[in-house]
Amino acid sequence: MTARQLNLNLFIYPDGHHEAAWRYPGSQPDRLLDLEWFQALAQRAEAAAFDAVFFADGPALPENIQFAPRFRLEPITLLAGIAAATSRIGLIATASTTYHEPYNLARLFASVDHLSRGRVGWNIVTTSTAAAAHNFGLDEHPAHAARYARAEEFVDVVSKLWDSWEDDAVIADPVSGQYADPSKIHRIDHAGAHFRVRGPLNAPRSPQGRPVYIQAGSSEDGRSFAARHAEAIFTAHQTLAAAQAFYADIKSRAQGFGRRPEHIKILPGISPFIASTEAEARALQDEFNALTQPAYSLQQLRQMLGVDFSGHDLDAPFPRHLIQPDSARAVASRFQVVLDIVDREKPTLRGLIHRLAGARGHFVMAGTPDQVADHIETWFTQGAADGFNVMPPWLPGGFDLFADEVVPILRQRGLFRHAYTGSTLREHFGLPRPGSLFSQPARQLAS
């Protein structure tokens, strides 16, 4: 039996995950609209045999664009450009079920999955940014529960569309003149509370059947949704105990839906400052924190907690009494992560914004390559993670250090592959290729 192996993704966040990365000497903010910049990062991750590169997204411009390059290129378009410059690495993009239509989104992802020969994953989000509503003709952002209800039906429709061509529907026989078998291409005739979609999709089934389903919410609704649908989960935890509890909960819920726990990969974020000694790594982190701009940091904190802390003394104890646990924000997973940091560590307001500057609530550490590898191994072997989203504080240097210094240690310990053994993202993640819902065996099983 092959030993269990880590899954590692490179989470590309324009110039790096620390909010001041663009100000760090050697940063290249002038290249953040350059396709070759992103292609080079993906090629570097592919050379290290990473499972995938991942791009987050949101359909609204952040208020704090004054202080940092937090604009968003449309990520599915970006995946297509990266697919042309790579051959093995997976390609994951975020797309919202609240602000897309199922048929269009199914076409977009299916197209890139074909062009990349089966390397695509969809990070399914419902969008937490209320400002997005005004970009789509809505007076207000739909409530949390309403967004998840729409997401359930959305995924159902997209799944049917991706399955609407059976695997052997394309015959392509020039002698007989038959290209496809119409009896194996199916209308889905979906009529639900949110969508009416006839189908079929106007493209054949992709090499990996369907793009990999990924989810990134840890609220109660998010966990239930993930246990039913997700094949990988991106999550944020600050302690081993919290990560273990989340891991056990998701795997248990998945079993309750008749799923195999090993077919859901749980991937927390890690943003490491790496140096030859721990003291040097902490000094590097301090350099970055010294470049933070409080006005930007406080806006970030307001988005997470729903409270405006501007005007408060940065060096006084954090004003915990201002947090309303019954606010609309309280259902969001990052709200609880931040609140746990406050209750556990009792930071000043400045200490908290520095704590969050590195990766917006994901785990940030400063240490040697061995210390970073130790952390990864502990969480991987102690029931807290199946792998990690690697979130370099700055790019490309932060990732170069991880690839050059940490990955070889993980390989020496037998935790990570030396080379790819598959060609699709499903194969990298060790996930089965699903059969079409409309295939003859599936129809017989459902009848």
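Before reading further, recall that the structure is shown in the block above.
Just so we're clear, the structure is a prediction, and the values are computed from it rather than from any experiment. Here the residue numbers are simple positions, counted from 1 along each chain's written sequence. Local features in this predicted model are restricted to residues of pLDDT 70 or higher, and side-chain atom pairs are both shown and tallied only at a pLDDT of 80 or more, whereas totals for entire chains, interfaces and linings draw on every residue. Each side-chain value is worked out from all heavy atoms of the structure, with water and hydrogens disregarded.

**Q** Pulling in residues and values, what's your account of the packing of aromatic side chains?
**A** Each pair of aromatic rings taken from Phe, Tyr and Trp, with Trp reduced to its six-membered ring, is defined by centres within 6.5 Å and is described as stacked if the planes are under 30 degrees apart, edge-to-face if over 60, and tilted in the remaining cases. Within this structure, the stated rule accounts for 22 aromatic pairs. For the pair Phe 11 and Phe 54, a centre-to-centre distance of 4.5 Å together with 50° between the ring planes defines the contact as tilted. In this pair, Phe 11 is assigned in strand β1 (residues 7-11) and Phe 54 in strand β2 (residues 52-55), connecting sequence segments 43 residues apart. We call a residue buried when its accessible area falls under 20% of the maximum for its residue type, exposed when it is over 50%, and partly exposed in between, using a 1.4 Å probe and counting protein chains only. Owing to a relative accessible area of 6%, Phe 11 belongs among the buried residues under this scheme. Measuring from ring centre to ring centre gives 6.0 Å for Trp 122 and Trp 162, while their planes differ by 90°; the resulting arrangement is edge-to-face. Residue Trp 122 is found in strand β4 (residues 120-125), and its partner Trp 162 is found in helix α4 (residues 144-163); the two are separated by 40 residues along the sequence. Taking relative accessible area as the criterion, Trp 162 reaches 4% and is therefore assigned buried. One aromatic cluster is present, built from ring pairs that chain together Phe 109, Trp 122, Phe 154, Trp 162, Phe 195 and Tyr 213. Helical segments are the DSSP runs of H or I of at least four residues, strand segments are the runs of E of at least two, and each set is numbered from the N terminus.

**Q** So what's going on with helix α10 (residues 349-357)? Which residues, and what values?
**A** Listed as buried for α10 are Leu 349, Leu 352, Ile 353, Leu 356 and Ala 357. The buried side chains of α10 occupy one side of the element, clustering within an arc of 140° when seen end-on. This arc describes the spread of directions from the helix axis toward the C-beta atoms.

**Q** Before we move on, could you go through empty space enclosed by the protein and cite the residues and values that matter?
**A** Gaps left between atoms are located by rolling a probe of water-molecule size over the structure's atoms. A pocket, in this scheme, is an open set of points on a 1 Å grid over the protein atoms alone with protein on both sides within 12 Å along at least 5 of 7 lines, while a cavity is a set where a 1.4 Å probe fits but cannot get out; residues line either one if an atom lies within 4 Å of a point. Grid points are joined across faces, edges and corners, and a volume is the space filled by probe spheres set on the points. All told, the structure shown has 5 cavities of 30 Å³ or more when counted by the stated rule. Residue lining of the largest cavity: Ile 12, Tyr 13, Pro 14, Leu 32, Phe 38, Phe 55, Ala 56, Phe 71, Arg 72, Leu 73, Pro 75 and Leu 78, and that is the complete set. Charged residues are taken to be Asp, Glu, Lys and Arg, nonpolar residues to be Ala, Val, Leu, Ile, Met, Phe, Trp, Tyr, Cys and Pro, and polar residues to be all remaining types, Gly included. Here the lining of the largest cavity is built from residues that sort into 11 nonpolar, no polar and 1 charged. In this model, the second largest cavity occupies a volume close to 60 Å³. As for the second largest cavity, its lining consists of Glu 19, Ser 297, Gln 300, Leu 301, Met 304, Ile 353, Leu 356, Ala 357 and Arg 360. At the level of elements, α8 (294-305) and α10 are the ones that each hand at least two residues to the lining of the second largest cavity. Top contributing element to the lining of the second largest cavity by residue count: α8, with 4 residues. Looking at side-chain class alone, the lining of the second largest cavity contains 5 nonpolar, 2 polar and 2 charged residues.

**Q** Let's hear about helix α1 (residues 35-47): which residues, and what values?
**A** The span expected for a helix works out to 1.5 Å for each residue beyond the first. Here α1 contains 13 residues, and its C-alpha end-to-end distance of 18 Å stays within 8% of the 18 Å for a straight helix at 1.5 Å per residue. Restricting attention to buried positions, one finds in α1 the residues Trp 37, Phe 38, Gln 39, Leu 41, Ala 42, Ala 45 and Glu 46. Throughout this description, a polar contact denotes any pair of N or O atoms lying within 3.5 Å of each other; where both atoms belong to protein, one of them has to be capable of donating a hydrogen while the other can accept it, and for residues adjacent in sequence the pair is counted only when both atoms sit in side chains. Backbone nitrogen of Glu 36 and a side-chain oxygen of the N-cap are separated by 2.9 Å at the start of α1; the cap is Asp 34.

**Q** For the packing of helix α3 (residues 102-115) against α4, give the residues involved together with the corresponding values.
**A** Only C-alpha atoms enter the line fits that serve as axes; for helices the fit covers just the stretch in contact. Angles between N-to-C directions range over 0 to 180 degrees. For the pair α3 and α4, the least separation of the axes is 9 Å and the interaxial angle reads 50°. In terms of axis orientation, α3 runs oblique to α4. When the axes of α3 and α4 are compared, the crossing they make is right-handed. Residues Pro 102, Tyr 103, Leu 105, Ala 106, Phe 109 and Ala 110 of α3 pack against Phe 154, Val 157, Val 158, Leu 161 and Trp 162 of α4. Partitioning the contact of α3 with α4 into residue classes produces 11 nonpolar, no polar and no charged. With respect to orientation, any angle under 35 degrees is reported as roughly parallel, any angle over 145 as roughly antiparallel, any angle of 65 to 115 as roughly perpendicular, and every other angle as oblique. Crossings are sorted by hand: turned counterclockwise from the far helix by less than a right angle, the near helix makes the crossing left-handed, and turned clockwise it makes it right-handed. It only takes one pair of heavy atoms within 4.5 Å for two residues to be counted as in contact.

**Q** Let's hear about the side chain of His 428: which residues, and what values?
**A** Tracing the backbone through its elements, the reader meets His 428 in helix α13 (residues 425-429). When residues no more than four places from it in sequence are discounted, the contact partners of His 428 are Asn 7, Asp 51, Arg 88, Ile 89, Gly 90, Arg 417, Tyr 420, Gly 422 and Ser 423.

**Q** Pulling in residues and values, what's your account of the pattern of salt bridges?
**A** Here a salt bridge means any side-chain nitrogen of Lys or Arg lying within 4 Å of a carboxyl oxygen belonging to Asp or Glu. Tallying each qualifying case throughout the model produces 29 salt bridges. Of the charged contacts in the structure, one is a salt bridge between Asp 189 and Arg 187, with a shortest N-O distance of 2.9 Å. For Asp 189, a relative accessible area of 47% corresponds to the partly exposed category. Asp 249 is paired through a salt bridge with Arg 253; the nearest N and O atoms lie 3.0 Å apart. Here the residue Asp 249 and the residue Arg 253 both occupy positions in helix α6 (residues 240-256), the gap between them amounting to 4 residues, near one helical turn. Asp 249 sits in the partly exposed class, given a relative accessible area of 22%.

**Q** Tell me what's going on with the nonpolar core, and back it up with residues and numbers.
**A** Of all hydrophobic cores here, the largest spans 72 residues; its most connected members are Phe 50, Trp 122 and Phe 402. It is α4 that contributes the most residues to this core, 8 residues altogether. Beyond its immediate stretch of four places on either side in the chain, Phe 50 contacts Leu 8, Asn 9, Leu 10, Ala 45, Ile 89, Val 390, Phe 399, Phe 402, Val 407, Phe 416, Arg 417 and Tyr 420. We call a set of buried residues a nonpolar core when its members are Ala, Val, Leu, Ile, Met, Phe, Trp, Tyr or Cys and they connect through side-chain atoms within 4.5 Å of each other. Phe 54, Ile 92, Phe 234 and Ala 359 belong to the second-largest nonpolar core, a separate cluster that totals 26 residues.

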